[in-house]
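Residue-level structure breakdown
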Amino acid sequence: MARVLVVEDDQFVRSALIRHLTDAAHTVRSVGTALEALREVAHFRFDLVILDLGLPDLDGSEALKMLRGITDVAVIIATARDDETEIVRLLNAGADDYLTKPFSVEHLSARIAAVLRRARAGGGEAPSSSVLRVGGLTVDPLRRQAELDGVRLDLTRREFDLLAFLAARPGVVVPRKELLVEVWQQSYGDDQTIDVHLSWLRRKLGETAARPRYLHTLRGVGVKLEPPSDGQAPR
C-alpha cells in the first residue's frame, strides 16, 4: 500500500501504530527521535511520515521544518496539543494533516487514506501549463509559483493548491465540501482545516476576513476568489 515512517518515542504508541499499519498492508519503518527521522528520509523513500511532536531531541515542529527542507513527503502530525495557534503553526510549516491524541485506528486509517490520495493525485496528473491571472495575482500551476503585484508569494504546498483551485474559477463560489474533495481529497471533514488555510492565505495576500480583497467567504455557501473592486492588488 504505502511506505510509512513512524516517528514516535513512546514505545507503547509506536508498537501499536506499527501493528496497525502493518495489518493494513503498509511497509513500516520506525524511529524514536527527530535526528533519526531525518536520516531515514535522507536514505529511504517514503510515501508518508507520521510525526509525533514530543520527541526527546527536538520538538516535532522543528523536525517538521527540517523535514520540509529535504523532502516533500506527506506528513501527518500526531499530537496531544489541541491549541488552535499550534495547529495553525504546524499547517503553515508544511504539515498535510494532524491528529489529536488519543485517536482511534479507524480515524488514523481515514486520514492516511485521504493524505495518500491527495499526494498520489498530485503526482500523477500534470498541472495545467496555463498561467492564471486574477487582478494583480498570477498563479503558475506548472511551476507551482504565485505572485502578487509582481512579488513572489511564499506559500505552503496546500496553500498553493487552494489558491490555484480558486484562481482557476474566478468569481465562482466554491462550496466547502467541493474544496475538501478537490483540494484535500477528503469526502468528509470539518471546516477548521479550510478556515486555517484561508486565514494564512489571506495574510499572505495582505487582507483579512473582515476586510477581504481577493478571498471572499459566503457564510453557509462557500468561498470565491475575484479581483479587488478597485483593481489594486492588496498589500
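A short tour of the structure in this document, coming up.

Conventions adopted
Residues numbered from 1 in each chain as written. Predicted model: local features only at pLDDT ≥ 70, side-chain atom pairs only at ≥ 80, totals over all residues. Heavy atoms only, no water. Helix = DSSP H or I, 4+ residues; strand = E, 2+ residues; numbered from the N terminus. Rg over C-alpha atoms; globule rule 2.2 N^0.38 Å. Buried < 20%, exposed > 50% of the residue type's maximum accessible area, 1.4 Å probe, protein only. Contact = heavy atoms within 4.5 Å. Areas by Shrake-Rupley, 256 points an atom, 1.4 Å probe, with all protein chains shown as cover. Pairing = 2+ DSSP bridges. Right-handed = clockwise from strand over helix to strand, strands pointing away. Core = buried A, V, L, I, M, F, W, Y, C linked by side-chain atoms within 4.5 Å. Phe/Tyr/Trp six-rings, centres within 6.5 Å; stacked < 30°, edge-to-face > 60°. Lys NZ or Arg CZ within 6 Å of the ring centre and 35° of its normal. Salt bridge = Lys/Arg side-chain N within 4 Å of Asp/Glu carboxyl O. Arc of directions from axis to C-beta. Axes fitted to C-alpha atoms, helices over the stretch in contact; angles between N-to-C directions.

Glancing now at the overall build of the protein. Secondary structure summary: the protein contains 8 helices and 12 strands in total. Expected size for 235 residues packed as a compact globule is a radius of gyration near 18 Å; at 18 Å, the protein falls within 12% of this value. Put simply, the protein has 235 residues, and 46% of those count as buried. The long-range fraction of contacts in the protein, counting pairs at least 24 apart against all pairs at least 6 apart in sequence, stands at 55%. Total accessible area computed for the protein in this model is approximately 11800 Å², and 50% of it derives from carbon and sulfur atoms.

Bridging between strand β4 (residues 74-79) and strand β5 (residues 97-100) involves 4 bridges; their strand directions are parallel. Across the sheet, the residue bridging to Ile77 is Tyr98, located in β5. Handedness of the crossover joining β4 and β5 through helix α4 (residues 84-92): right-handed.

Glancing now at the nonpolar core. Core analysis: the largest hydrophobic core is formed by 28 residues, its most contacted members being Leu137, Val139, Leu163 and Leu179. For this core, the secondary-structure elements that each account for two or more residues are β6 (132-134), β7 (137-140), β8 (145-148), α6 (157-167), α7 (176-182), α8 (192-204) and β12 (222-225). It is α6 that provides the largest number of residues to this core, a total of 7 residues. Leaving out residues up to four positions away in the same chain, Leu163 has contacts with Leu137, Val139, Ala146, Leu153, Leu155, Leu201 and Leu225.

On to the pairing of strand β11 (residues 215-218), then. The pairing of β11 with β12 spans 4 bridges and is classified as antiparallel. When the sheet's bridge partners are listed, Leu218 is paired in β12 with Gly222. Between the end of β11 and the start of β12, which pair antiparallel, lie 3 residues, with Gly220 showing a positive phi angle near 80°.

A few words now on the packing of aromatic side chains. According to the stated counting rule, one finds 0 aromatic pairs in the structure shown. The lysine or arginine in question, Arg169, covers the ring of Phe165, its NZ or CZ lying 3.6 Å from the ring centre. In this structure, Arg203 is placed above the aromatic ring of Trp200, and the distance from its NZ or CZ to the ring centre is 4.8 Å.

So, on to the pattern of salt bridges. Following the criterion strictly, the structure yields 16 salt bridges and no others. Of the charged contacts, one joins Asp96 and Arg68 as a salt bridge, the two residues approaching to 3.0 Å between their closest N and O atoms. Of this pair, Asp96 sits in the loop between α4 and β5 while Arg68 sits in helix α3 (residues 60-70), placing them 28 residues apart in sequence. Overall, Asp96 belongs to the buried group, its relative accessible area being 6%. Residue Arg68 is classed as partly exposed on the basis of its relative accessible area of 22%. In this structure, Arg158 and Asp96 form a salt bridge, with 3.6 Å as the shortest nitrogen-oxygen distance. Note that Arg158 is positioned in helix α6 and Asp96 in the loop between α4 and β5, a separation of 62 residues in sequence. Each of the two residues, Arg158 as well as Asp96, counts as buried.

Here we take up α3. Among all positions in α3, only Gly60, Ser61, Ala63, Leu64 and Leu67 are buried. Along the long axis of α3, the arc covered by the buried residues comes to 150°, so they all point the same way. Of the exposed residues in α3, the ones pointing more than 90 degrees away from its buried face are Gly69 and Ile70. For α3, the elements touching its buried residues are α2 (34-43), β3 (48-52), β4 and α4.

Here we take up the sheet that holds β8. What the 4 strands build is an open sheet, ordered β6-β7-β8-β9; its pairing is antiparallel. Taken across any chain shown, the strands that pair with only one partner, and hence form the sheet edges, are β6 and β9 (151-152). Where β8 lies against β9, 2 bridges are found, and the strand directions are antiparallel. Following the sheet pairing, Leu148 is matched in β9 by Val151.

What follows concerns the sheet that holds strand β10 (residues 174-175). Here 3 strands make up an open sheet; going across it, the order is β10-β12-β11 and the pairing antiparallel. In the strand order of this sheet, the two ends are held by β10 and β11, each with one partner. Relative to β12, β10 is paired through 2 bridges, and the arrangement is antiparallel. When the sheet's bridge partners are listed, Pro175 is paired in β12 with Gly222. Relative to β11, α8 is tilted by about 145°, and along the sheet it contacts β11 and β12.

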